[in-house]
Amino acid sequence: MTVTHSDGFPVVPVPTDALLIGMGERFDATVTIGDGVFALVASAEGKQGQALAVIRTGAGRPPTADVKVRELSGKVLLGPALSAVESARLDRRSADRTHDLVLGGTMAPYRWTINGKTFPDIDPLRLIQGERVRLRFVNQSMMFHPMHVHGHTFALRSGGARKDTVIVRPMATLDVDLEADNPGQWATHCHNIYHAETGMMTTLSYQAQE
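Bear in mind that the values here come from a model prediction, so they are computed numbers and not experimental data.

Draft legend 1. Spatial organisation of the pattern of salt bridges. Considering all chains together, one arrives at 16 salt bridges under this definition. Residues E179 and R93 are paired through a salt bridge, measuring 2.8 Å at the closest nitrogen-oxygen approach. Pair noted here: E179 is in strand β16 (residues 173-179) and R93 is in the loop between β7 (76-77) and β8 (97-106), with a separation of 86 residues, a long-range link. Judged by its relative accessible area of 31%, R93 is partly exposed. Notably, a salt bridge pairs R97 with E131, separated by 2.8 Å at the nearest N-O pair. Of this pair, R97 sits in strand β8 while E131 sits in the loop between β10 (125-128) and β11 (132-139), and the two are 34 residues apart along the sequence. Neither residue differs from the other here; R97 and E131 are each classed as buried.

Draft legend 2. How the structure looks around the environment of E179. By relative accessible area, E179 is classed as buried at 19%. Distance from E179 to N139, taken between C-alpha atoms, is 23 Å for residues 40 residues apart in sequence. In contact with E179, other than residues within four places in its own chain, are D91, R93, G130, E131, R132, H152 and Y206. Reaching out from E179, the side chain makes a polar contact with the side chain of R93 at a distance of 2.8 Å.

Draft legend 3. The packing of aromatic side chains, seen in detail. According to the stated counting rule, one finds one aromatic pair in the structure shown. Ring centres of Y110 and W112 lie 5.8 Å apart, and the angle between their planes is 80°; on these two criteria the pair is classed as edge-to-face.

Cut-offs applied
Residues numbered from 1 in each chain as written. Predicted model: local features only at pLDDT ≥ 70, side-chain atom pairs only at ≥ 80, totals over all residues. Heavy atoms only, no water. Salt bridge = Lys/Arg side-chain N within 4 Å of Asp/Glu carboxyl O. Helix = DSSP H or I, 4+ residues; strand = E, 2+ residues; numbered from the N terminus. Buried < 20%, exposed > 50% of the residue type's maximum accessible area, 1.4 Å probe, protein only. Contact = heavy atoms within 4.5 Å. Polar contact = N/O pair within 3.5 Å; in protein donor to acceptor, adjacent residues only side chain to side chain. Phe/Tyr/Trp six-rings, centres within 6.5 Å; stacked < 30°, edge-to-face > 60°.

Take a look at the structure:
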């Protein structure tokens, strides 16, 4: 399997055995297969269920619904490992403004926060049209958080891949840059809707020129 696009933008093609997809992420990939009957499996992270697609290029016995494919135990690719092709990169410039988004929360009580607060009682992320804005996602929890920005795409500081949703791994920090070119009040939240509904959401809030 070779990943060619992420969230609609081309990336430098990367071969991999498996791909970890966060809620809201989209990937394009090409899959090379031989002659026979083959399983494509989507396995739920941390759960028992899986989805199965069967591809036939020749004769053979179809796999069972609970088939275990060795690729899931092989090389697993995450979105932050991708690099943008040159045509998809943001132009290179320094950030005019940086916002830290500290991601936290607990299972009991079930409450997920940004900068220690829950939506709507959270300070908006202020910005001005035309700025290059850096969002620094600092995950201080043991959960994966697929962070999503409405109304914009962003570029990963590492590799430059353009996306609108990216997984921030447990106890990790991830920087992204975006162009403030779409004035409004835009939700920025974890795309795990259970986390968003219990507070892990804020807004990109455009302000008049200072």
